[in-house]
Amino acid sequence: MSIQQTLAALQVGQSARVSQVEAGPAMRRRLFDLGLIPGTQVTCTARSPAGDPAAYLIRGAVVALRGRDAGEIRVSLLPEPGGTA
Amino acid sequence: MGLTHTSTGAGAAEGALVLRRSGPDQRVVALAGNPNVGKSTIFNYLTGLRQHTGNWPGKTVANAQGRCTHRGRGYVLVDLPGTYSLMAHSAEEEAARDFLCFGGAEEGGGRRRADAAVVVCDAACLERSLNLVLQTLELMPRTVVCVNLMDEAAARGLSVDLEGLSRLLGVPVVGTSAGRGEGLEALMDAVEGVIQGPAPVPCAVTYPPPVEAAAAQLAPILADRLGDRIPARWAALRLLDEDPSLLAALTAASDWNPRTDGVVQETLLRIRMDLERAGVDRLALRDAVAARLVGEAEEIAGAVLARRNPDSGGRDRRLDRILTSRATGIPVMLLLLAGVLWLTIAGANVPSDLLASGLFWVQDRLTGLFTYLNAPDWLHGALVLGVYRVLAWVVSVMLPPMAIFFPLFTLLEDFGYLPRVAFVLDHAFQKARACGKQALTMCMGFGCNAAGVVGCRIIDSPRERMIAILTNNFVPCNGRFPTLIAIITMFFVGTAGGPGRSLLSALLLTGVIVLGVVLTFWISRLLSATALKGTPSAFTLELPPYRRPRVGQVVVRSVLDRTLFVLGRAAAVAAPAGLVIWIFANVQVGGLSLLDHCTGFLDPFARLLGLDGVILMAFLLGFPANEIVFPIIIMAYLSTGTLTEFSSLEDLHRLLAGHGWTWLTAVCTMLFSLLHWPCSTTCLTVGRETGSFKWTLAAFALPTAVGMAACLLVATLARLAGLA
Ligand SMILES: Nc1nc2c(ncn2[C@@H]2O[C@H](COP(=O)(O)OP(=O)(O)OP(=O)(O)O)[C@@H](O)[C@H]2O)c(=O)[nH]1
Ligand SMILES: [Mg+2]
């Protein structure tokens, strides 16, 4: 049982698994290069002062994405280690 | 940071790389890898050169070469810009890919592909590095995989089974810690091995069956045409993908254009129809290829990585919270900027005074010598009062702040702070419809605007890159800092010194820089709404791990490099400028000196801007280098006044006040220093980077217009209000 949402809605500290990347061709390719393909686990690590962009841990590297770009990545939320998500 | 000849000034304006081998048996080795994995650090260690390194992705944007000798054999190493993949997106990634595919032009004609490639990986982020390794192996079997940053990985509790990795990849793998120089001998041994021995048979990624079938159909046809230039299977996969920039590069590098080759196009058409029937359209094919590479990298990394303790990035996340959070991100950024400026101003005071008294003591001795030798007055005037004195001003006023600012800034850069600045400021750039990486290019602009303009290559979107190029000059470069500092000290803080006063100076200077940054946002927004209309394109910004800066090295390198560079530029530009000023001041036409004629001509207009003719002329003469603007102002005033001893800022203040400087003159001069045309080197660089005269003119006119408008506004308002 998992909750579907976009990467942009992820709170700091939350993890999710990518289910679909809907970005345009150039961005899609860039995200794939960074290892962000369906099935990848990502964690939101920080938000900038304005809340947008946010930083995500992707396969060992931290990458910042703007909200409108992160909004094109569909994810399913993963339960937090000790929590009840 | 833009500290050496190669990235500041004329070096930044160099064109495409031309391989220079000193003999036919010298081997060419390409250093490729993801951004920020230590390619330039390895390159520097092996070649003894000082290519810039910095803890942020995108430091190197153009290919650089250097020589090294290993076991009696000569190698030409080529440091490539970082790239995540060989399916390039941006200018600097294309540079890397094209070198691996087609090699570089050679001195004396022809092209030469690398004899071997070294793919540098980040041990702490191996999975992603392996993606590029797998792509490179498809293109270059003679490859050595260098797993760098082993020390950092160990500190994070990660260990890499290098032998296992080598077995899985089918090529030699060497572990290194380039920061400490560890493992680099072994790396060169391995490079020698793959060049001398038979070509390794690397592992090949197997793509989904329809893709493999398609590649197998196309490859033999391409093999006929490409010969041994590039592997046919790789070329087939790229043609199926229709990567337009690669097709263009392929056509340019060989005499063969796949798009006009009937047989190839026919086969492609047939294959594409087959694929379509199998339900694989172009996008699906592209996704399948990319996903397969990621999957394979994940499997390999999983097999060779062992993690001792689970949490590795805790310290970085805590630092990120302080440096980028809503409550502290911006205050900390301003504090750091003000702190660096404060240290600069406070630290520069004493050496500045010492240098001034020393250099002017020498001037007196020189005068004595000329008198003793009975040298004619004009000779003494031209050489001592002209050339020598302007050099002395450049060195004493300009050099100390630069020699302090740079190491400090470089420390922040090495620590990994610059990408966090971009992260914090991105929201503003988003509103300006520009790219967040523009903040990185602005940071480089602090060092040298020409270097900043070249750095704009990290921005993928041409529209956003142009915005960054056109607005880079709104960040004051190191040649303008000292002028700003001197004026602030003389007119707004007082020259008495003391920590409180230098703190106030630092705050005022921070204000000036913030003004420049705010103007950058506004002008970027304006450009986005007019000449460069558009919406922001998607981009990713990597936030690398924080790293402890190598303090000793940073300080020694940047002080030495900076010192040498400034002295060189001072000699090259300031000396002739000093001569010109002296001649202008001493050649009389119609009862007035040439200088008076010129400044008199400029004066009415300059006054409107709150300046005077001398100041405006100094900015004009300072076109080749901003460092000489302030010294020229001083020289011009000195040449018309009575010659007394001038060696401290206090004397200078009196000199300027004596020539009618008020607080308004000071403000307008500072504004104009922040906002005027880019120096000649920057203009040339913009010309080369944009390839367009029109945009170069725009880069010249835009800050000039803004500066004139700002000065006119401030001067007029102040005068109307009766304040000046
Ligand atoms: N701890 C550690 N730091 C390293 C090592 N190698 C490089 N660094 C640091 O990593 C950062 C990046 O190094 P660079 O050599 O600039 O990386 P690059 O691959 O050339 O980066 P781009 O030019 O941006 O592609 C610098 O701050 C180096 O000091 C290493 O082996 N260990
Ligand atoms: Mg580099």
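Every value quoted in this text rests on a predicted model; they were computed, and no experiment measured them.

Q: I'd love a proper account of the overall build of chain A, names of residues and values included.
A: Within chain A, the regular secondary structure consists of 2 helices and 6 strands. When the elements of chain A are put in sequence order from the N terminus, they spell out β-β-α-β-β-β-α-β. Taking the principal axes of its C-alpha atoms as reference, chain A extends roughly 35 × 30 × 20 Å. The burial tally for chain A puts 59% of its 85 residues in the buried class. Contacts in chain A between residues at least 24 apart in sequence constitute 59% of all its contacts with a sequence separation of at least 6. A total accessible area of about 3,300 Å² is found for chain A, and carbon and sulfur atoms account for 53% of it.

Q: Would you mind going over the overall build of chain B in detail, with residue names and values included?
A: When helices and strands are tallied, chain B shows 28 helices and 14 strands. Taking 27 Å as the expected radius of gyration for a compact globule of 724 residues, we find that chain B reaches 29 Å, a close match to that expectation. Principal axes of the C-alpha set define a box for chain B whose edges measure 85 × 55 × 55 Å. The buried share among the 724 residues of chain B stands at 59%. Look at the contacts in chain B between residues 6 or more apart in sequence, and 75% of them connect residues 24 or more apart.

Q: Tell me about the sheet that holds strand β4 (residues 54–58) of chain A, and name the residues and values.
A: Pairing is antiparallel across the open sheet formed by 7 strands, whose spatial order is β1(A)-β6(A)-β2(A)-β3(A)-β4(A)-β5(A)-β12(B). Pairing within the sheet leaves two strands with one partner each, and these edge strands are β1 (4–6) of chain A together with β12 (540–543) of chain B. Averaged over all adjacent pairs, the angle separating strand axes in this sheet is 40 degrees, with direction ignored. Note that strand β5 (residues 61–65) of chain A and β12(B) share 4 bridges and pair antiparallel. Bridge pairing links A:Val63 to B:Glu542 in β12(B).

Q: Report on the coordination of the magnesium ion (ligand 2), specifying residues and quantitative values.
A: Around a metal, the idealised angle for a tetrahedral arrangement of four donor atoms is 109.5 degrees; for an octahedral arrangement of six donor atoms it is 90 or 180 degrees. Residues and elements named next belong to chain B. With distances of 2.0 Å, the protein atoms coordinating the magnesium ion (ligand 2) are Ser40 (OG) and Thr60 (OG1). Here Ser40, found in helix α1 (residues 39–47), pairs with Thr60, found in the loop between α1 and β3 (64–70); they are 20 residues apart in sequence, far enough to count as distant. Ser40 gets classed as buried once you look at its relative accessible area, which sits at 8%. Look at Thr60 and you get buried, because its relative accessible area is 9%.

Q: Please set out the sheet that holds strand β8 (residues 143–148) of chain B residue by residue, giving values where relevant.
A: Strand pairing in a sheet takes place through backbone hydrogen bonds and is either antiparallel or parallel in direction. Residue and element names in this part refer to chain B. Taken together, the 6 strands give an open sheet; going across it, the order is β3-β4-β2-β7-β8-β10, and neighbouring strands pair in mixed fashion. This sheet does not close on itself; its edge strands, each paired only once, are β3 and β10 (173–175). Strand-to-strand twist across the sheet, computed as the mean angle between neighbouring axes with direction ignored, equals 25 degrees. Pairing between strand β7 (residues 116–122) and β8: 6 bridges, direction parallel.

Q: Can you explain the site of ligand 1? Please cite residues and give values.
A: Residues and elements named next belong to chain B. The environment of ligand 1 is made up of 25 residues, and the closest members are Lys39, Ser40, Thr41, Thr60 and Ala178. Here an oxygen atom of ligand 1 sits 2.8 Å away from a polar atom, N or O, in the main chain of Lys59. Between an oxygen atom of ligand 1 and a side-chain N or O atom of Asn148, the distance comes to 3.3 Å. Look at ligand 1: alone it shows 660 Å² of surface, and the protein chains cover 94% of it.

Q: Explain the interface of chain B and chain A to me, and be specific about the residues and the numbers.
A: With 42 residues of chain B at the contact, the number on the chain A side is 33 residues. Contact between chain B and chain A buries roughly 3,400 Å² in total, counting both sides, with carbon and sulfur atoms accounting for 54%. Three residues, B:His89, B:Phe423 and B:Thr540, lead the burial of chain B against chain A; their summed loss comes to 17% of the area buried on that side. One salt bridge in this structure joins A:Arg66 and B:Asp426, with 2.8 Å as the shortest N-O distance. At the level of elements, α3 (126–139), α11 (282–304), α12 (314–324), α13 (329–372), α15 (418–431) and β12 of chain B are the ones that each hand at least two residues to the side of chain B that touches chain A. Split by residue class, the side of chain B that touches chain A holds 17 nonpolar, 12 polar and 13 charged.

Q: Hey, could you go over the pattern of salt bridges for me, with residue numbers and the actual values?
A: Residue and element names in this part refer to chain B. This structure, assessed with the given rule, holds 30 salt bridges over all chains. We note a salt bridge from Arg463 to Glu464, for which the minimum N-O separation is 3.6 Å. When its relative accessible area of 13% is taken as the criterion, Arg463 is described as buried. Here Glu464 falls in the buried class, since its relative accessible area comes to 1%.

So, how was this worked out
- Residues numbered from 1 in each chain as written.
- Chains lettered and ligands numbered in written order.
- Predicted model: local features only at pLDDT ≥ 70, side-chain atom pairs only at ≥ 80, totals over all residues.
- Heavy atoms only, no water.
- Helix = DSSP H or I, 4+ residues; strand = E, 2+ residues; numbered from the N terminus.
- Buried < 20%, exposed > 50% of the residue type's maximum accessible area, 1.4 Å probe, protein only.
- Contact = heavy atoms within 4.5 Å.
- Areas by Shrake-Rupley, 256 points an atom, 1.4 Å probe, with all protein chains shown as cover.
- Rg over C-alpha atoms; globule rule 2.2 N^0.38 Å.
- Pairing = 2+ DSSP bridges.
- Axes fitted to C-alpha atoms, helices over the stretch in contact; angles between N-to-C directions.
- Donors = N, O, S within 2.8 Å, 3.2 Å for Na, K, Ca; no water.
- Near = heavy atom within 4 Å.
- Polar contact = N/O pair within 3.5 Å; in protein donor to acceptor, adjacent residues only side chain to side chain.
- Buried area = accessible area lost by both parts, 1.4 Å probe.
- Salt bridge = Lys/Arg side-chain N within 4 Å of Asp/Glu carboxyl O.
- Nonpolar A, V, L, I, M, F, W, Y, C, P; charged D, E, K, R; others polar.

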